[in-house]
Each structure stands twice: as structure tokens, then as C-alpha cells.
Amino acid sequence: MADTKMVSLTIEGRTVSVPDGTTILEAAKTAGILIPHYCYHPGLPVAGVCRMCLVEVEKAPKLAPSCATTVAEGQVVHVHSDKSLDARKGVLEMLLINHPLDCPICDQSGECELQDYTYQEGREDSRYREPKRFNPAEDFGGDVIYVPNRCILCTRCVRFMDDVAHDPVLNVSERGDRALIGKFEGKDLTHPWASNVVDLCPVGALLSKDFLNKARAWELDRTASICPNCTQGCNVTMETRENQLVRMRPRPNEHVNAFFMCDWGRLNYRWMNEKNRVEQPMVGRARALAPTSWEIAITAAARALNGKKVFVAASPMLSNEALFLLTQIMQGGVGAFRVTEGEEAPLAGVKDLALRRERAANVYGAQALGFNKTTDLLAGLKQGDVLVVAGEDLAGIEAAAIARASEVIVISSILPEVASNASVVLPIANFSEEEGTVTNLRGRVQRFTQARQAPGDTRPSWLVLGDLLGAMGKQSNFFLPSEVFASLAASNKTFAGLSYDSIGFKGLPLANAPSTGPNAPIAVGAA
Amino acid sequence: MGYPNQPHQRETPVLSRYFGDTEARSLAGWKKRGGYKALDKALGMAPADIVNVVKESGLRGRGGAGFPTGMKWSFMKPGDGKPHYLCCNADESEPGTFKDRELMRWTPHALVEGCAIGAYAIGAETAYVYIRGEFTEPLYWMEQAVKEAYGAGILGKNAMGTGKRIDVHVHKGAGAYICGEETALMESLEGRRGNPRIKPPFPAVSGVFGMPTTINNVETLIAAAPILMNGADWYKKMSLSNPKSTGTKLFSVCGNVQRPGTYEVVMGFPFKEFLYDLCGGPPHGRKFKAVIPGGASVPIQTVEEAEATLMDYEGFVAQGSMLGSGGVIVIDDGQSMVSVIARIARFFAHESCAQCTQCREGTAWTTKIMERIRDGQGTIEDLDTLLDIAEQMTGKTICVLSDSCAVPVVSGIKKFRGEFEALIQGRRFHPVIAAVA
């Protein structure tokens, strides 16, 4: 990239220098100026059809579509001049003449670009006196509903299916103001990545059936997180309403998921809202589990573990921090995990982006920290070992297999029925309720943050395990997950050099991760 | 009098010479009339020399924009290692225009020859003739002509025995006005929906299949043959007005005239004489009110403007309009201008490709307001709204369809505001009743 020619231009009085070939719209972003636009999306080919991003370029005869005009040396661009504002006002009025203006019942309301720009730059009234065109809503298959009356024909959805998903399902049907998004005969939006069209739609024309009428945009709390549902580790925003996760949407990261996430990952969030939780620490008394205080439970667990051979059955959903602390309480014991598998579903137009076969967030992290991947979870459990069940649901495990353990300690969000004879149960937060890091299949360490409050007396996994380590008489002085991670980075060569600050919210690769390919920016549209 | 009648003595039939002559349609008949001599001559010349002759002749695009043809051809850089393509735009859909239809119906071999000359001149081995889907008869004759030309070795791997390859393919459109826009035509030719592309890149850089492409109108390509045969000077001399507009031009005349038809006159011909003498003037008892001289998308002229016009690229501009495609629509005092403009707007609203917001919504909105005014439901504010919409539709979209819809509305309101106001104020339009002849 060293030989890239730089071009200097002035946008709204600010001088910017960008690589040759950059569009005016992208150049303006670097100067902190957002030029209003609809059809342009950095993850899609340029269409230049909405005409919203028209700007005045000095010495040019006409207004220029900034999404489709590349910068030139010495250019002077006016984004908010009278001429450009007048053009955008015109576009906004035209976009609204056939729009039903049904914001009060529209799911997009509050996060609608048509709404935003109209408030920002549009007319306060309309001069339209004629009947509006009407088309009925249509089920597009998959998770998508199409409401043509709200559609502004930006064609982002069409371009996503054609050029990114490589599954041409959508088209522009009809001409003139009769035009609407159509579906090719016999086809449905069943592509495993099709729901991205809902995110891409700048207005309320494409809606998610799953999210339909569930919440208004302004009621949502948004948290930067990672999709825990496969090893790709797509960056997401977890959206909660009254402490319930109601939607996951992709968060752009050019190294992992570009602008997209798959339907399976997106819709598989309900398990994080589950109600059948262990909410209090418990100890086994007289063949039954009785609620108790954290101090007593931690002390009991430490006593059970100290000096014993330990076998840890961990979940690959646990964070690097929790898994690291588990290795500390193993005292030379063994750790194993298993992972649910499904079919791999790549997104054809983006390099190295797929719904992965292994459906858990931290398979790579668990392996990097020395846990064995196995299909027979308790194969390594020796007679007389102390079994620590960490986040594992023990589905399909026979009571007989567990009986080999001298004692069972459960550190989990949900108490598996087969482990109800545990001597100690320590309730921990699930993925959406705590902070931490996970490592994706390309060795990229990424942070996730707390989106929901954990129920009852539940505590974050790193805190519980840190306390347990302390009670076992080992060095433990953790007040923040970042301190656990610092300890991990200090003691483990693979994680050396990383910290929460350096990882940030785009992640960083492990020392031994491949430096090219997946961890280089991924190219959208590269087939 | 212009085809379908005998030519008027003031006409200069160069391209339209064989209109009505069924024999000229066949290869044998065409050769008898001197056909393919120009191609023979061209293939013996260096491509750059052909381009120079055409440049020298002053031939300008006959499809509407009037871009100098020789200069367009010179944009095709020889030896760039890429295949070049020639497209012939035979998607003649501009309302009021039917000159290319007649050219292809009567002299299909003239177009085959023109395409071959053009292709050779720009270094292309392949030429596509994109014919409007509704033109079933021209399509039939063109396909016959191409078949005959291949059979006689005029086209193909060894064109005219010179060892040069020239292929001509006839492609049938599917009935969209917008496919007459050059980049939409290319999209359509490639098998996609006919949506205009963003320019740049221009076709000479990236056209059909992403390769350098030249696109010319039917009349333009056909004119190349007589220019090569008779020389640039001969062509240049055919002008009654100025040296920027040379040669002959076909005008297809329709509407309220005594003798509608296709006329060929030299550039700079007086429009008044053309309308009253060649076309026979208005029907009995009527008077001309307005003229749309270059297809529906050029500004409307008042009859006074029309009568003062010299028929060439500059002459029409000087009198408030454009030469356009040469589709002359004549409107007499029996017509309501509001009605005429509403109908034109409806056409553009129907044909908008729906890409750009201003065009998709603006053409339809304009139509709705125009029809409301026509039906006596208009308000005075509507006129301002119309002009404002037209302003938003001008110069802001990918192609000029949107501008084309705005043009008749703006010129109509400007020049015939009285008719709009009369309808708005509740006065019915009273057409002049024609006197019995």
C-alpha cells in the first residue's frame, strides 16, 4: 500500500487526504462528515440510484453523486450548500410521496434513515395531493417480510443477494412508480445469510418476522458483543429490552464478518434469556442441595478441591478468562470439552466468512488453553477424581458415568439434572451477562461485554473462579476481568502481549495466529 | 411530399432514395443500386483514414444528441489489446420518431453496410444491431439482409474476401423506451434489466461486456457509406445554414399536418417552408399552434418560433428547442396543450426505469398533476409545484429520461400558460371546429 497515491481535497472547508480512487462520500467520512445516502453501502457494489448523496463540486456542471464520484486533486466539495441541500430536500419529498408515513406502527421507526434525514434536511410538509400507490405486504420466506409501500427502491437487498450471497432471489419488478422489490418465481429468501437484507434496508420495508412488533427502537439497550453461536465470532450488537435479549445484529468488523452475520447465529439468542437458572449458590446437605451464601459455598468447593485430582468438563462457550482460571484450579488435572456441530454455510461473496461447523464461541480458546476436544466428554474422568462441571449442560451423559467421580462441583448457569447430587453448585452468569474475551477459529481474540443483568445471586464466571482460587490458597487478586486477562497474558505465551486496551472492540490475533489471510481485512465481493 | 408519397422536389433524398422500392431490400437489388461499393472501398482503406473522412464530413449523431461521429469513432484507441464493439441503436422509441423504422424496412442492406464500415473503422469485429421489440417488420428485413450478407461472404470471417472479420448480430429488444439510452441498451444486450449505467466510465472505455464500445444511431451509420463514396466535401456542402450542421437529415412528421411522413432535407432547410409546403400545412380550417420538432423530449416550440427556425442543430436551439431525433410532432389549434403534455408525461412515467428517485417518483407525480389539471381539478399552486418538480428532475439523475419529462412541462407552462390557467379557472377547452373542406 506504500505506493498508493494520495489525493488532497477540501470538503466543507476541511482539507482531507485520501488514497486515489476513494469516493467523495468515503473521503467525507474521514473528515467526520456524513453525506446523507440510501443506496450506498460500503459492503455492496455502488448503484448510485437514490440520488440522495448529491453534493456540489466546484467547477462541475452538475451536482455529483458522492458515492459514485472519485476524488480528484484540489477538488472543493460543498455538502451543505444551498444547491445540494435543495437537491436532497427534493429527493426526500419524492421518497415520501408514496410512503405511507406509518411510523407509529413501523418496526423501523427510531432507527429509520428516511425518518432521520427527513427530520434533518427534509420539508416539513408535502405538496403531494394525489392518491398514494398501494401494494400488499409479502412474505419473502426465511425470516423476512416485505412491505412495499415503505420501500424506497434503494436496491441494497437486491445487490446483497446478487453480489454478496451469490443467490439471486430478489429483483426490481415493474417500472416507474409501480416498481417494487420482487422475488424470482419459485424462490424464497431461504439463503442462510438472507436476513442481512433486513439490516441493510434503510427503511421499514424489509422486516424480521422474529423481531416484528417486539420492541420500539428507542426502548432498546445496545451492547457490543460477539455472537457466541459458532467459531467465526461475528461481531454483534446485542439489543435488550427490559433485560431481555430481543435481537442480535451484526457490528462491522472488516477482519471477521464485514457487515454481516448469518441467520442461524442471529436468531439463536433465546437460550441466553432462559428462565430455568440456578440463582443461588448451593451445597449438598443430607442428599439434597440447599441454598447458602457465597462464602460458605466457595469455602466448601475449595475444601473439596484442595489436594485432589480434578477433572474439568468445560463448555466451549466460556470465556478465555474463565477457562484460564479453570486451568489454575485443576492442579495438574485434565480438562475436556465437547462441541455441538452443524452444517457449514459460507457467505460466498466474502472471503473466509461462514457459519462454522462448530457451534460455540471459544473452541479455539479452549484448545489454546489445553482443554481436550472430545466427543466422549467424561472419558478422561478417573475413578475418585473430583469432577468440575463448568458451563457444561451434560446433555446425554449417564448418571453412571458421573458416579466415577468422588465429588461433583457444578459451576454453571443451569444445573444439569444428572448432576443434582453435586456437593457444591456455584451459579455463574451466561454469555450475555458478563464481560470477557473469546478466541475465534482464526485465533482472533475478541472482547464481549455485559448485555443483561444476571438473575439472583449469580456472579460472573471469572469472579467466582477467582474467589475459588483465593479460597484454595492460591494467588488471586482479581477485581476486573481485564486483570484476569492480564494474568493470562503474563503466564501464557500464546496470549502474550495482548490486553483489553489493545484488543479494543475489533479484536487482535493471537501470537501464533496466521498473519495473512483471515486476519487481514476481508474483501467483500471477492468470490 | 415525403415517403409514403413521392419525394417532394425540395427534398434531397440520399438515404431515403429507395423508400418504397421493394427491390432494394434484396442483396441483388441493393448491389444493383450501388450497394456494398462503399464497404469495398472502406476495407481497402486504413481505419484511421475512414475516421478522418467522417470527421471531415461534419457528420453528427442522428439519434438526438448530435455528437460528432468522427470524433466518437476516434475515441476507440487501436491496439489496446481489447476487443472493440460497435452497437447500432435501432431502438427507435422516441414518440413521434419513425425514420429508422423506414430506413430498416426499405434499405436493410444499407444498415448492414453501415455497421460493417463503422465496425471496421473503430477496430471492432462485432457489431450489434439492437432493434426495438415492436419493430417486427424492420426486424424481419434486417435478419434477411444479415443472412444474405453472410451467404454472400460480405460478413463473416473473411468479409468481402479481405481476410478481415466482421460479424453483425441482430438483437431484438423487449419493448422498453429506456433501452434506447446507450448504456441501458448495453445492459439489455448483456441480458440484464435495461437500466442506464452511471457515467463515467463512458462506453468508449467500458461498454458492452466491459469492452470499448461505440454506439451509433441507424441513420448515422447509414450516412457513412455515401460519405465514403462521394467524399467529405460533397457531404459538407449539403448545408443551407452553417458548417457545424452538414448533410441531409430525415424528419418524420406526424400530428396535425396535411401530409405526415418521412422527409429528407439538407441541414438548415427553412422549417416554415418544410411545414407549410412539404408537409402541406395544417388541416383545413385549422392553424398550427405548436411544434415539437425532435421527439417528445425536446422543448415545445410555439408556431412563431417554429416558423423562424432553420432546420439544423443550432437552428432549433436558437428557437427554443432542439433537433433531437427529428421526430416532428405538429399540434394545431384543435388540441389542448395541457392534454398533449399530460399524455407525454404519462409516457415518461410509464417508461421510467425506476432507478433514480427523482425520475421514478417525479414522472408519475407530474403525470398525476397534469391529468388533474386536464380534468379541470387543478389549482394555480399546481403550476409552481410542477415547475419545482421539473427543477428537481433536471440534471440530477443517471440518464436524461427524467429531464425529458420535465422539458415539455416547463416549456409548455412557459409558452402556453394561458391554457393551463383557463382550465384551472374552470373554463373548458374549446377546440376550433374544423371547417368543412
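Residues numbered from 1 in each chain as written. Chains lettered and ligands numbered in written order. Predicted model: local features only at pLDDT ≥ 70, side-chain atom pairs only at ≥ 80, totals over all residues.

### Quick notes on the environment of Gly315(B)
Residue and element names in this part refer to chain B.
Here is step 1 of the chain: Its place among the elements puts Gly315 in helix α13 (residues 313-318).
Here is step 2 of the chain: Between the C-alpha atom of Gly315 and that of Phe269, which follows or precedes it by 46 residues, the distance is 9.6 Å.
Here is step 3 of the chain: Apart from the residues within four sequence positions on either side, Gly315 is in contact with Ser241, Gly268, Thr309 and Leu310. (Helix = DSSP H or I, 4+ residues; strand = E, 2+ residues; numbered from the N terminus. Contact = placed C-beta atoms within 7 Å.)

### Some points on the domain arrangement of chain B
All names here are of chain B.
Here is step 1 of the chain: Split by domain assignment, chain B resolves into domain 1 (34-237) and domain 2 (337-424).
Here is step 2 of the chain: Inter-centroid distance (C-alpha atoms) of domain 1 to domain 2 is 34 Å.
Here is step 3 of the chain: Taken together, the contact between domain 1 and domain 2 spans 10 residues of the former and 8 residues of the latter.
Here is step 4 of the chain: Across the side of domain 1 that touches domain 2, the residue classes tally to 7 nonpolar, 2 polar and 1 charged. (Domains from an automatic or database assignment. Nonpolar A, V, L, I, M, F, W, Y, C, P; charged D, E, K, R; others polar.)

### Some words on helix α12 (residues 481-491) of chain A
Here is step 1 of the chain: Where α12(A) is concerned, the buried positions are Pro481(A), Val484(A), Phe485(A), Ser487(A), Leu488(A) and Ala489(A).
Here is step 2 of the chain: The elements touched by buried residues of α12(A) are α8 (320-329), β24 (436-439), α11 (461-471) and α13 (500-503) of chain A. (Buried ≥ 20, exposed ≤ 12 C-beta atoms within 10 Å, placed from the backbone.)

### Quick notes on the domain arrangement of chain A
By a widespread convention, an interface's size corresponds to the accessible area lost as its parts come together.
Here is step 1 of the chain: One can read the domain layout of chain A as domain 1 (6-92) and domain 2 (282-518).
Here is step 2 of the chain: If you average the C-alpha positions of domain 1 of chain A and of domain 2 of chain A, the two centres end up 49 Å apart.

### Describing the nonpolar core
Here is step 1 of the chain: Core analysis: the biggest nonpolar cluster contains 302 residues, and Ala301(A), Cys88(B), Leu111(B), Cys115(B), Ala116(B), Ile117(B) and Val129(B) have the highest contact counts within it.
Here is step 2 of the chain: With 10 residues, helix α14 (residues 337-351) of chain B is the largest single contributor of residues to this core.
Here is step 3 of the chain: If sequence neighbours within four positions are ignored, Ala116(B) has contacts with Leu39(B), Leu155(B), Ala159(B), Ile166(B) and Val168(B). (Core = buried A, V, L, I, M, F, W, Y, C linked by C-beta atoms within 7 Å.)

### Focus on the interface of chain B and chain A
Here is step 1 of the chain: Each side of the interface is counted separately: chain B has 25 residues, and chain A has 24 residues.
Here is step 2 of the chain: For the side of chain B that touches chain A, the secondary-structure elements that each account for two or more residues are α14, α15 (357-374) and α16 (380-392) of chain B.
Here is step 3 of the chain: If one sorts the elements of the side of chain B that touches chain A by residue count, α15(B) sits on top with 9 residues.

### Focus: the sheet that holds strand β6 (residues 138-139) of chain A
All names here are of chain A.
Here is step 1 of the chain: Reading across from one edge, β6-β7-β10 is the order of the 3 strands in this open sheet, with antiparallel pairing throughout. The open sheet terminates on both sides in strands that have one partner only, identified here as β6 and β10 (206-208).
Here is step 2 of the chain: The pairing of β6 with strand β7 (residues 144-146) spans 2 bridges and is antiparallel. Paired with Glu138 across the bridge in β7 is Tyr146. (Pairing = 2+ DSSP bridges.)

### Things to note about the packing of α15(B) against helix α17 (residues 401-415) of chain B
Residue and element names in this part refer to chain B.
Here is step 1 of the chain: Contact pair α15 / α17: the axes reach a minimum separation of 9 Å and the direction vectors enclose 25°. By the criterion of interaxial angle, the relationship of α15 to α17 is roughly parallel. Crossing geometry of α15 relative to α17 is assigned as left-handed. On α17, the residues that touch Gln358, Cys359, Gly362, Thr363 and Thr366 of α15 are Leu401, Ser402, Cys405 and Val409.
Here is step 2 of the chain: The residue makeup of the contact of α15 with α17, split by class, is 4 nonpolar, 5 polar and no charged. (Axes fitted to C-alpha atoms, helices over the stretch in contact; angles between N-to-C directions. Parallel < 35°, antiparallel > 145°, perpendicular 65-115°, else oblique. Left-handed = near helix turned anticlockwise from the far one by under 90°.)

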